[in-house]
Amino acid sequence: MKTLGLYIDFPFCIARCAFCAFDVEGYRVRWAERYMAALHQEIETYAASPETAGRQITSIYLGGGTPSRYPAAVLDKLLSRCRDRFEIAGDAEITLEAHPATINVHNLTDFQKTGINRLSLGMQSFSDEQLQRLGRRHTAEQAVTAFQTARIAGFENIGIDLIYGLPDEKTEGWENTLRQAIALSPEHISIYALSIEAGTLFNRKVREGKLNLPKEVETVMLYERARKLLTCADYKQYEISNFAKPGYESRHNLRYWHQEAVRAFGVSGHSYLNGERSVNTDNIPDYIEKLEAGLLPVIEREKVSPRDAAIDQIIFGLRKIEGIPSEAITHDPIFKQTGQTLEDAGLLQKEAQRIKLTPKGMHFADEVAMAFL
Ligand code: SF4
């Protein structure tokens, strides 16, 4: 049976973080309710279309934004609609992105009852100074309490997100964050390099010369340090930024790296299904108004050509530590030549009929992708 992953976006947050360039707004009840009604409408529309017929849902990802800001009863109703309208696998992975400042023993217990069986906690750092700089609205202690409370509430699959390369960050501070994360023993740890995006507070501070960021070579060392510490703590790296205990890889995210079908609902939703890509509007009022008028919020739709699909397989597949089958590159003379050039530059390596990034290549994954594009 064909499978499908569902992604549902909730573009509301308790405050905008200093580094965040996502299309999010402050949580206001009336607005959030209208958005939720629009989400129900979009789900109804696609559930009735033939494109999802005969597919079993194996993962649902509630992301954002801060979906954990919504009351559990509201998310429960949305998941119930998904269950009514789609065939959901009994062991489907259902993830909730949670901001530590929005969860407590009461809503965590209720979230658990909705069938959500995986939490992705945005901890980002265990340094209060860094958390304050990032505009996170929680302390390290509150984040630890949130994690422990989630365990008490019964969550057995918890992922932690961390950011490295923060202003003034030194190896010692990053190691401290990693060690504290490891001490909590989450099933999954993601590490992302701080990226300075246009329109963010950090971007303005960089332009004003008020942010002292580590040099690229220092950031590379922080990444290597993380790989070493996490691997020594029995976390297996399965993607450039992701580490998991055995059996706890994010099944939903693996769908993207395997180019498997995903139907995304909500603002900025990117879907890939039946050889077609589509993108929803990134404007919240536009999204709501279109659905209220009985229209779809899609702003882009394109058939994926065989060549684009082959390039996607290379670009997304190379993000996985296991890499891709060699023939994904060798079957095409241009890919083959590009692959050889990258191998000569020490960015790609061949291993048992597969091609993967070298440790050096992991730092230049974007450049490798551009070479194939
Ligand atoms: S909580 Fe997440 S989505 Fe919301 S502003 Fe912060 S980083 Fe962005």
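Bear in mind the structure is a predicted one, so any value in this text is a computation, not a measurement.

Colleague: Honestly, the overall build of the protein in this entry has me stumped. Any pointers?
Modeller: In terms of regular secondary structure, the protein is built from 15 helices and 17 strands. Here the protein has a C-alpha radius of gyration of 21 Å; the compact-globule value for 373 residues is 21 Å, and the two agree. Overall, the C-alpha framework of the protein stretches about 55 × 50 × 40 Å when taken along its three principal axes. Counting over 373 residues, the protein shows a buried share of 39%. Taking as baseline every contact in the protein between residues at least 6 positions apart, the subset at least 24 positions apart corresponds to 70%.

Colleague: Sorry, what's going on with the site of the ligand here?
Modeller: Around the ligand sit Cys 13, Arg 16, Cys 17, Cys 20, Phe 22, Val 24, Gly 64, Gly 65, Thr 66, His 99 and Gly 122, and those are all the residues in its vicinity. Split into classes, the residues belonging to the shell around the ligand amount to 5 nonpolar, 5 polar and 1 charged.

Colleague: Explain the nonpolar core to me, please; I cannot follow it from the model alone.
Modeller: Within soluble globular proteins, side chains that are nonpolar tend to cluster in buried spots. Ile 60, Cys 82, Leu 121, Ala 150, Leu 162 and Tyr 164 are the most contacted members of the largest nonpolar core, which totals 72 residues. Setting aside its immediate chain neighbours within four residues, Ile 60 contacts Leu 6, Cys 82, Ala 92 and Ile 94. Ile 314, Leu 318, Leu 342 and Leu 348 belong to the second largest nonpolar core, which has 12 residues in total.

Colleague: What am I meant to see in helix α10 (residues 284–292) here?
Modeller: Within an α-helix, residues lying three or four positions from one another point in the same direction, as the helix has 3.6 residues per turn. Every buried residue of α10 is accounted for by Ile 284, Tyr 287, Ile 288, Lys 290 and Leu 291. The arc enclosing the buried residues of α10, seen along the axis, measures out at 165°, which places them on a common side. If you follow the buried residues of α10, they end up packed against β3 (25–26), α1 (29–47) and β13 (276–280). Note on α10: the residue one or two positions beyond its end, Gly 294, has a positive phi of about 80°.

Colleague: Would you explain the environment of Thr 139 in this entry?
Modeller: With respect to the helices and strands, the residue Thr 139 is situated in the loop between α4 (128–134) and α5 (140–153). Judged by C-beta crowding, with 16 C-beta atoms within 10 Å, Thr 139 ranks as partly exposed. When the C-alpha positions of Thr 139 and Ala 101 are compared, they lie 8.7 Å apart, and in sequence the two are 38 residues distant.

Colleague: Can you walk me through the packing of α1 against helix α2 (residues 72–85) in this structure?
Modeller: Angle between the axes and distance between the axes are the two parameters that describe a pair of packed helices. Look at α1 against α2: their axes get within 10 Å of each other, and the N-to-C directions meet at 10°. By the angle class used here, α1 and α2 are roughly parallel. Each of Met 36, Leu 39, His 40, Ile 43, Glu 44 and Ala 47 in α1 lies in contact with α2, whose residues at this interface are Val 74, Leu 78, Arg 81, Cys 82 and Arg 85. Split by residue class, the contact of α1 with α2 holds 7 nonpolar, 1 polar and 3 charged.

Colleague: Is there a simple way to explain the domain arrangement of the protein in this structure?
Modeller: Reports often express the size of an interface as the amount of accessible area lost when the parts come together. Assigned domains of the protein: these are domain 1 (2–256) and domain 2 (306–373). Centre-to-centre, using C-alpha coordinates, domain 1 lies 28 Å away from domain 2. Per element, the largest residue contribution to the side of domain 1 that touches domain 2 is 3 residues, and it comes from strand β9 (residues 236–239).

Colleague: Help me understand the pairing of strand β12 (residues 270–273) in this model?
Modeller: Along any regular strand the residues' side chains alternate between the sheet's two faces. Examined bridge by bridge, β12 and β13 share 4 bridges and lie antiparallel to one another. Paired with Tyr 272 across the bridge in β13 is Arg 277. Counting the residues in the hairpin turn of β12 and β13 gives 2 residues, including Asn 274, whose phi is positive at 50°.

Colleague: When you look at the pairing of β13 in this model, what are you seeing that I'm missing?
Modeller: Examined bridge by bridge, β13 and strand β14 (residues 298–303) share 5 bridges and lie antiparallel to one another. When the sheet's bridge partners are listed, Asn 280 is paired in β14 with Val 298.

How each quantity is defined
Residues numbered from 1 in each chain as written. Predicted model: local features only at pLDDT ≥ 70, side-chain atom pairs only at ≥ 80, totals over all residues. Helix = DSSP H or I, 4+ residues; strand = E, 2+ residues; numbered from the N terminus. Rg over C-alpha atoms; globule rule 2.2 N^0.38 Å. Buried ≥ 20, exposed ≤ 12 C-beta atoms within 10 Å, placed from the backbone. Contact = placed C-beta atoms within 7 Å. Near = placed C-beta within 6 Å. Nonpolar A, V, L, I, M, F, W, Y, C, P; charged D, E, K, R; others polar. Core = buried A, V, L, I, M, F, W, Y, C linked by C-beta atoms within 7 Å. Arc of directions from axis to C-beta. Axes fitted to C-alpha atoms, helices over the stretch in contact; angles between N-to-C directions. Parallel < 35°, antiparallel > 145°, perpendicular 65-115°, else oblique. Domains from an automatic or database assignment. Pairing = 2+ DSSP bridges.

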